[in-house]
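Residues per chain, in single letters:
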Amino acid sequence: MSHTVGPSVWLMIAAIVVMATAGDVLLASAMRQIGDFDDIRAHAGLGGAVAAVLKNVRFLFGVLCMAVSFFSLLFALSWADVSLVAPASAALTFITNAFAAKWILKENVDRRRWFAAVCVGAGVFFLAR
Amino acid sequence: MQSTMTFRRYMVLVAVMLGASLGDTCLGIGMKHMGPVSIHHLSSLLLALRIPSVLIGILLLIGFFASYLTALSWADLSFVLPATSFGNVVVALLAKFWLHEHVSPARWAGILLITIGVGFVTQGPSYTNHSQIDSTDEEATVPAMASNVKEQSV
């Protein structure tokens, strides 16, 4: 394990964060496109609801991004300490998700949500170290 | 934004936070029981499926993913992620009081920050109603257009 944190480690952390954020945004976008899951299950049953999710292209790309993020994490862990990579990527993902929710998903991210994202990001960083 | 949270929906959020944390913990316990896996013998990972805690962990993570998708169908991503991060706190508290592990002051600070963040976000609305935003934008645009027409006619 390396004890100096070089640019390549931060690049790997950035890759994890970007792919995790892309995955979350695509999954959220897919579920918004599909509609209320409880309503679909009430009308089409559990099988119909699962089929609606699995047929959605955004969902499939979201899962792909999540998988790439996971393998990037595994790759980064072979290069750098887990005490840096895990908390840094988890904390930064909360912040980038808040930006993505506002600018890509057009969610109403008010001061309350910004404050929560920063608090939770910092909290996860401290907790995972 | 509107608040559409019911008791059942709060239970889905609880399932998200507990499913991820407990699922990871079960997988960790199971893989420790199995021992290190060589990169040249990745097929031996299939043997992990015989370990009960690994199976329980996988089931919990499937439950987490289903609950996460359900939550995203009626709540914003910027609401679900902070609200469900409380699972990290649950794991830290379990480690302290059940497994009697040492929790450092930095971790207590992390628990406090997450609790404050979750408390803040869950007090607010859970879903952005885009149709309402669009109609509000239209209502705001129509008077502006009307005043422009008025100015031009004058």
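This one's a predicted model, so the numbers in the text were calculated from it and none came from an experiment. (Residues numbered from 1 in each chain as written. Chains lettered and ligands numbered in written order. Predicted model: local features only at pLDDT ≥ 70, side-chain atom pairs only at ≥ 80, totals over all residues.)

A description of the overall build of chain A should follow, citing residues and the corresponding values.
Counting its secondary structure elements, chain A contains five helices and zero strands. In sequence order, chain A lays out its α and β elements as α-α-α-α-α. Taken over 129 residues, chain A has a buried fraction of 43%. In chain A, once contacts between residues fewer than 6 apart in sequence are set aside, the share between residues at least 24 apart is 75%. (Helix = DSSP H or I, 4+ residues; strand = E, 2+ residues; numbered from the N terminus. Buried ≥ 20, exposed ≤ 12 C-beta atoms within 10 Å, placed from the backbone. Contact = placed C-beta atoms within 7 Å.)

Any chance you could break down the overall build of chain B for me, citing the residues and the numbers?
Helices and strands together make up the secondary structure of chain B, namely six helices and zero strands. Walking chain B from its N terminus toward its C terminus, one meets helices and strands in the order α-α-α-α-α-α.

Quick one: what's the story with the environment of B:Ile51, residue by residue and with numbers?
Residue and element names in this part refer to chain B. Along the chain, Ile-51 falls in the loop between helix H1 (7–34) and helix H2 (52–74). On the basis of neighbour count, Ile-51 is assigned to the partly exposed category, with 17 C-beta atoms found within 10 Å. Note: C-alpha distance between Ile-51 and Leu-27 (24 residues apart in sequence) is 9.5 Å. Contact partners of Ile-51, with chain neighbours within four places excluded, come to Gly-30, His-33 and Met-34.

Mind laying out the interface of chain A and chain B, listing which residues take part and the relevant values?
Taken residue by residue, the interface counts 32 residues in chain A and 28 residues in chain B. Breaking the side of chain A that touches chain B down by element, the ones donating at least two residues are helix H1 (7–34), helix H2 (37–54), helix H4 (82–103) and helix H5 (111–128) of chain A. For the side of chain A that touches chain B, the element with the highest residue contribution is H5(A), accounting for twelve residues. Taken together, the residues that form the side of chain A that touches chain B break down as 21 nonpolar, four polar and seven charged. (Nonpolar A, V, L, I, M, F, W, Y, C, P; charged D, E, K, R; others polar.)

Quick one: what's the story with the nonpolar core, residue by residue and with numbers?
Ranked by internal contacts, the top residues of the largest apolar core, which has 72 residues, are A:Val124, B:Leu72 and B:Ile114. Of all the elements, H1(A) adds the most residues to this core, at 13 residues. Residue contacts for B:Leu72: discarding those within four places in its chain leaves A:Leu27, A:Ala28, A:Met31, B:Leu77 and B:Val80. (Core = buried A, V, L, I, M, F, W, Y, C linked by C-beta atoms within 7 Å.)

Describe the packing of H4(A) against H5(A), naming the residues involved and giving the relevant values.
Residues and elements named next belong to chain A. At a closest axis distance of 8 Å, the pairing of H4 and H5 adopts a crossing angle of 175°. As far as their axial angle goes, H5 and H4 are roughly antiparallel. Residues Ala-86, Pro-87, Ala-90, Ala-91, Phe-94, Ile-95 and Ala-98 of H4 lie in contact with H5, whose contacting residues are Arg-113, Trp-114, Ala-117, Val-118, Val-120, Gly-121, Ala-122, Val-124, Phe-125 and Ala-128. Residue composition of the contact of H4 with H5, grouped by class: 15 nonpolar, one polar and one charged. (Axes fitted to C-alpha atoms, helices over the stretch in contact; angles between N-to-C directions. Parallel < 35°, antiparallel > 145°, perpendicular 65-115°, else oblique.)

Describe the packing of H1(A) against helix H3 (residues 57–77) of chain A, with residues and values.
All names here are of chain A. Where H1 meets H3, the closest approach of the two axes is 8 Å, and the angle between their N-to-C directions is 160°. The angle between H1 and H3 places the two elements in the roughly antiparallel class. Between H1 and H3 the crossing geometry is left-handed. Grouping the amino acids of the contact of H1 with H3 by side-chain chemistry returns 18 nonpolar, six polar and one charged. (Left-handed = near helix turned anticlockwise from the far one by under 90°.)

I'd love a proper account of unusual backbone geometry, names of residues and values included.
All names here are of chain A. The phi torsion at Lys-106 lies on the positive side, around 60°, for a residue other than glycine. Tracing the chain through its elements places Lys-106 in the loop between H4 and H5. Its 11 C-beta neighbours within 10 Å are what place Lys-106 among the exposed residues.

Pulling in residues and values, what's your account of the environment of B:Gly110?
Structurally, B:Gly110 is set in helix H5 (residues 105–122). B:Gly110 sits 22 residues away from B:Asn88 along the chain, and the two C-alpha atoms are 9.4 Å apart. Those residues in contact with B:Gly110 that lie beyond four places of it in its chain are A:Gly123, A:Val124, A:Phe126 and A:Leu127.

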